[in-house]
Amino acid sequence: MNLKLRLISAAAIATCSMASHAAAVDSTKCTVGATPTAQQALDLVVNCAPAATVFIGGASTQQANLLTVANATLFDVTAMTPIEITTTIPGVKSFLGKTRAVASSGYAAGTLVYVINNVNNGSAGGVSQLLGKTPKVGETDVTKAIPEADVPFIGPAKNITTPGGTVANAFCTLGTATSVACTSHTTQTADMALSDVRAEELYALYPAAKGKVSTLTQVPLLLQSFGVAVSQPLYIALQKKSLKAADVDACIVSPGINTAACQPSISRADYASLVSEGGKINSLATLTGDSTLTDQLKLARRDDLSGTQASSNIFFVNGQCGGNDEALEAKSIDKAVAKAGGLLGGLAIRTNGVTADDTAALDVQAHATSTTAKAAIASSTDYAIGVLGTGDGAAISTYARFVKVDGMSPNFDGTNYMTQAATRAQIANGAYPFAYVMHGMYLTAMTDTAKKAAVVSLLNGFKSSALTDLKGLAYLDSAASGAVVAKQAKYSRVDTSGKVNNCSPLTKL
C-alpha cells in the first residue's frame, strides 16, 4: 500500500507566536450581540480565546451538513450567528459560536466554542487521530505525524518578546459578519471522528495510529449511499453502450442527457474489473465496448485513507470483508484494518503511481478529498469515472452525473429524479444496494465531561431525524427518540446478532 502522507512542516505552520508590535488584546471585544458586524466578528476572533474547542476529523461526505447539525444541537443561533473561520488548509471547515444550555451542549449557555472539522484524507484521517498522538509542530516522522491534526488557530497568541504576554491574532483578516479568514495554524487533538464505515472496515490508517479499536465508542449514525459518477463524454459513451439505439440520439442532445430515461448503467462486475489489479477492463475501449475510443480513461478514485474508498472496496471487490472474521474482530488496529486482496475472496485494487496499474490507457488517481475527486470527474473533455457520496443525488456539475449500477439508479425512484427524496427512497427501500452505515466515534476514556457531552450531542444530531433533515440519507433512529417515519431506512446492514456491520448484506429491519 502506498500512503502518500502530507507531512506537517515547520515552514507550513505559524506557531501562533507574534512579535510585540502586534496589537494588544482587547477583552472588551469579547461581548457581541446576536448579529455582529464584520468588524465585530473579526475583533472577537482575534482577541478572544474560545472557552472550548471540539475538533471533528474524518469523512468528507457529511461536511456540508456540519453547521446544520451544530446549529441544531450545540450552537445557540439566537445568541450569536456562528462565524465561519476560512483557511487555506485543505479539507478544513471551522465555526465559532455560542453554546446552548448545559443539557444540550455540555457547556453553560453562551460559552464561546470553536468547532473544527478536517476531512482531508477522509474517514481514516479522523480515526487515525483518535488512535494516535497529536504531533508536535514541525514533526516529520511518518510514525508520529498525522497531518490532519493541522488546524486554524484563533484567539490571542503568545507574545514572543514578553514571557507570559499575549497579543491579538495578526493572522486573521476582515471578512463578513459571518466569516473571518485566518492563516495561522496549530496542531490539535481530535475529539471525535466521522467514518463512512466502522473503524475495522477502513482500508488503511496512518502508521502513527497505534491505538486499538477497542478503545473507541462507535455509534451507528445513518444509512448513506455512494454512486459511480462519470464525466459527460463518458456518460454519452455509456449511453451508447447501455441504452436502446432508438433512445440514444434523443438522449445525447441536451437537455435529454439530464432525464431519468437517459441515465445509462454500468455493471458492478465491469467496475470491479476496472478498479482491481489485473482486471481485463483497463481502458476506455474495454469499458465502453467502443474500439474507436482511444482517449485515456481517468479513474478518479479516492486515496487509501478514504471511507468512500473503503466503501467502494467493500462493494465492488469484497475488500476488507472477504470472510476473515478473525481479522475484523481483532483488537489490534493493524490487524483489524486489512488490505483488500489480503482476505478470502477480496481483490487487490489498482494503485496510483504503480506502473502495472497506471498506463497510457488508464490514469489511476488518488484524491485526498471528495472535492478534488469531483473536480476531476466534472470534465467536459476527459473520460473520467469514480465513486462519490450521492448526497442529495443532484448532478455533480454541468458535465458530471451519477449512473445506474446493474440497472439500479441511486437517484431515481420511479417518480423523482436527481432529488433528495429520490436518493433517500432508493436506499430506504433497499432498492439501491450501494449503501453503508456511517459511524461516529470517540475515545471511550475521554475525561473532559463537558466536551464528551458536546460530542455526544453532535452525534445525536447526525442520527436524529427529529432534529435534522440531512441530504439524501436514510435515518436509523428509533420511535422512542421521536423518529420521523418518512425519513427512516427500512433496510440496513446488520449481522445475525443485530449488530451494525457493513460487511453484512442489506436486510430488512
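Look a little higher up for the structure.
What counts and how
- Residues numbered from 1 in each chain as written.
- Predicted model: local features only at pLDDT ≥ 70, side-chain atom pairs only at ≥ 80, totals over all residues.
- Heavy atoms only, no water.
- 1 Å grid on protein atoms, 1.4 Å probe; cavity = no way out; pocket = protein on both sides within 12 Å on 5 of 7 lines; lining within 4 Å.
- Points joined across faces, edges and corners; volume = space filled by probe spheres on them.
- Helix = DSSP H or I, 4+ residues; strand = E, 2+ residues; numbered from the N terminus.
- Buried < 20%, exposed > 50% of the residue type's maximum accessible area, 1.4 Å probe, protein only.
- Contact = heavy atoms within 4.5 Å.
- Pairing = 2+ DSSP bridges.
- Axes fitted to C-alpha atoms, helices over the stretch in contact; angles between N-to-C directions.
- Left-handed = near helix turned anticlockwise from the far one by under 90°.
- Nonpolar A, V, L, I, M, F, W, Y, C, P; charged D, E, K, R; others polar.

Using a probe with the size of a water molecule, rolled over the atoms, empty space left in the structure can be pinpointed. Scanning all chains against the criterion turns up three cavities of 30 Å³ or more. The volume enclosed by the largest cavity comes to roughly 50 Å³. Surrounding the largest cavity, Tyr271, Val275, Leu299, Arg301, Gln309, Ser312, Ile349 and Arg350 form its lining. When contributions to the lining of the largest cavity are tallied by element, the ones reaching two or more residues are α7 (268-275) and α9 (307-317).

For the rest of this paragraph, the subject is helix α13 (residues 420-428). For α13, the tally of buried residues reaches seven of nine residues, placing the bulk of the element in the interior. Restricting attention to buried positions, one finds in α13 the residues Ala422, Thr423, Arg424, Ala425, Gln426, Ile427 and Ala428. Looking at the buried positions of α13, the neighbouring elements they touch are β13 (216-231), β20 (435-443), β21 (474-475) and β22 (491-493). With its phi angle positive at about 75°, Gly430 sits one or two positions after the end of α13.

Before going further, it helps to examine the pairing of strand β10 (residues 179-182). On a regular strand, one side chain projects to one face of the sheet and the next to the other, so that they alternate. Pairing analysis gives three bridges linking strand β3 (residues 83-86) to β10, with the strands arranged parallel. Paired with Glu84 across the strands is Ser179, a residue of β10. Pairing analysis gives three bridges linking strand β9 (residues 172-176) to β10, with the strands arranged antiparallel. Looking across to β10, one finds that Cys172 is bridged to Cys182.

Here the focus is the packing of helix α2 (residues 66-73) against helix α14 (residues 449-463). Where α2 contacts α14, the two axes come as close as 9 Å, and the packing angle between them is 115°. In this structure, α2 crosses over α14, and the sense of that crossing is right-handed. Here Leu66, Val69, Ala70 and Thr73 of α2 come into contact with α14, specifically with Ser457, Leu458, Gly461 and Phe462. Of the residues contributing to the contact of α2 with α14, the split by class is five nonpolar, three polar and no charged.

Attention now goes to unusual backbone geometry. A positive phi angle, close to 65°, is found at Asn121, a residue other than glycine. Structurally, Asn121 is set in the loop between β5 (112-118) and α4 (122-130). Of the residues examined, Asn121 reaches a relative accessible area of 3% and is grouped as buried. With phi around 50°, Asp406 is a residue other than glycine that occupies positive phi space. If you trace the backbone, Asp406 turns up in the loop between β19 (404-405) and α13.

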